[in-house]
Amino acid sequence: MTPPFHHEWCFTGHGDKGFAVAPNGNVAVVGDPKDGLRVFAGSQAKVPWEATTIAKLPDAAGGVQFDLQGNLYVGYRDKKPTTIIPGFEGDRFAEAMGRIHKYSPTGTMESGNLFPTIPAGPAMTYDVLYGAFDTDCLTRFPRFSVDGFGRIYYPTNIAPRITVIDNAGNEILSFGTYGNRDSMGGLPGDLVPTKGIPLGFPNSVAVTDNYIYVGDMVNHRLLRLRKVFQVEVSSSIGNARKGFGQSHGSNRWFEPDP
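As the structure is a computational prediction, the values presented were derived from the model and not from experiment.

S.K.: Before we go on, may I ask you to explain the sheet that holds strand 11 (residues 161-165) in this structure?
M.R.: Read from one edge of the open sheet, four strands run 9-10-11-12, paired in antiparallel fashion. Only two strands of the sheet have a single neighbouring strand rather than two, namely strand 9 (145-146) and strand 12 (171-175). Summarising the sheet, strand 11 and strand 12 pair through four bridges and their orientation is antiparallel. Opposite threonine 163, over in strand 12, you have serine 174 as the bridge partner.

So this is what it looks like as structure tokens:
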């Protein structure tokens, strides 16, 4: 489907940086700085597929996702975030934090090519604490996820914390507290109870409608968290349109799932 491309293991800091598949079958790949972020589009009748280079990326780049509208998201370290975790102000990991960038498609889903031309630049940059990216030799770069409503779920692995933001960048909630493999979050075999979701170095996040999956890298485990919803309903009384009202659902917290 694609021409050959190469990721060096560790000696120059490269490694597997991630790929994503769009709803129409386009494929985005995060490559090394020579290749950058590319989107491949084509069909079975013509291989390899042609690629559009969306952006040149630094070594410290990893994680890529499409949303249902074909917007493309990628994480990389471009400049120091405006906020730093208290206690890390003078630490080198403060310099290793990345941000998440959103690119709007230049084509359409129906045409089969979301990016026939190069976008002028990111449509939006989420100034969040994504990562951190190891400045020496971390070959498993962080991963984030985007759900069907455009909400972004990303790790701050050194916190350790997972945060959920809406597509405008507003924080919805975050969770996570330090816990080693003896901490199971209340599940059977929990030797060291914690008051939150125990994490060691959460480096990857994936999401479905009902669950969040977290790759807890230092603890060598995968956590599945069940979303817990609470529905709020409000109604307008005395409105000109009788019975007019609105309802919405919101995520309140997450809990371990056996």
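S.K.: Would you explain the confidence of the model for the protein chain in this entry?
M.R.: Any region with low pLDDT has predicted coordinates that should not be read closely. Here the protein chain averages 86 in pLDDT, while 86% of its residues score no lower than 70. Averaged pLDDT values for the elements of the protein chain fall to 44 in strand 18 (residues 245-256) and rise to 98 in strand 9. Considering only residues more than four positions removed or in separate chains, one finds that residues 240-253, a stretch of pLDDT under 50, has 28 contacts.

S.K.: What am I meant to see in the pattern of salt bridges here?
M.R.: Two side chains with opposite charge may pair up if their charged atoms get near one another. All told, the structure shown has eight salt bridges when counted by the stated rule. A salt bridge links lysine 80 to glutamate 95; its shortest N-O distance comes to 3.7 Å. Taken together, the residues span a long stretch of sequence, with lysine 80 in the loop between strand 6 (72-76) and strand 7 (98-103) and glutamate 95 in the loop between strand 6 and strand 7 at a distance of 15 residues. A relative accessible area of 40% places lysine 80 in the partly exposed class.

S.K.: Help me out: how do you make sense of the sheet that holds strand 2 (residues 27-30) in this one?
M.R.: Within a sheet, adjacent strands bond to each other through the backbone by hydrogen bonds, running parallel or antiparallel. Reading across the sheet, the four strands line up as 1-2-3-4 and stay open at both edges, with antiparallel pairing between neighbours. Both outer strands of the open sheet, strand 1 (19-21) and strand 4 (46-55), are each paired with one neighbouring strand and no more. On average, adjacent strands in this sheet sit at an angle of 25 degrees to one another, irrespective of strand direction.

S.K.: Explain the pairing of strand 7 here, please?
M.R.: On a regular strand, one side chain projects to one face of the sheet and the next to the other, so that they alternate. Most of strand 7 sits inside the fold, with six of its six residues counted as buried. Relative to strand 7, strand 6 runs antiparallel, the two being bridged by five bridges. From the neighbouring strand, tyrosine 73 faces strand 7, where its bridge partner is lysine 102. By the bridge criterion, four bridges tie strand 7 to strand 8 (residues 124-130) in an arrangement that is antiparallel. Following the sheet pairing, glycine 98 is matched in strand 8 by tyrosine 130.

S.K.: I tried to follow the layout of surface pockets on my own but got confused; where do I start?
M.R.: Once rolled over the atoms, a probe with the size of a water molecule shows which space is left empty. Taken as a whole, the largest pocket holds about 250 Å³ of empty space. If you trace the largest pocket, you find 21 residues lining it, with Ser145, Val146, Asp147, Ala206 and Val207 closest to the centre. Listed by contribution, the elements that provide at least two residues to the lining of the largest pocket are strand 5 (61-66), strand 9, strand 15 (202-207) and strand 17 (221-235). Split by residue class, the lining of the largest pocket holds nine nonpolar, seven polar and five charged.

S.K.: Would you take a moment to explain the nonpolar core for this structure?
M.R.: Note on soluble globular proteins: their nonpolar side chains tend to be buried together. Counting 18 residues, the largest nonpolar core has Leu37, Leu57, Phe66, Leu72, Tyr103 and Phe115 as its most contacted members. Within the residue set of this core, elements represented by two or more residues are strand 2, strand 3 (37-43), strand 4, strand 5 and strand 6. Setting aside chain neighbours within four positions, we find tyrosine 103 in contact with Ile54, Ala55, Asn71, Leu72, Val74, Tyr76, Phe115, Pro119, Gly121, Pro122 and Ala123.

Cut-off values and rules
- Residues numbered from 1 in each chain as written.
- Predicted model: local features only at pLDDT ≥ 70, side-chain atom pairs only at ≥ 80, totals over all residues.
- Heavy atoms only, no water.
- Pairing = 2+ DSSP bridges.
- Helix = DSSP H or I, 4+ residues; strand = E, 2+ residues; numbered from the N terminus.
- pLDDT = per-residue confidence, 0-100.
- Contact = heavy atoms within 4.5 Å.
- Salt bridge = Lys/Arg side-chain N within 4 Å of Asp/Glu carboxyl O.
- Buried < 20%, exposed > 50% of the residue type's maximum accessible area, 1.4 Å probe, protein only.
- Axes fitted to C-alpha atoms, helices over the stretch in contact; angles between N-to-C directions.
- 1 Å grid on protein atoms, 1.4 Å probe; cavity = no way out; pocket = protein on both sides within 12 Å on 5 of 7 lines; lining within 4 Å.
- Points joined across faces, edges and corners; volume = space filled by probe spheres on them.
- Nonpolar A, V, L, I, M, F, W, Y, C, P; charged D, E, K, R; others polar.
- Core = buried A, V, L, I, M, F, W, Y, C linked by side-chain atoms within 4.5 Å.

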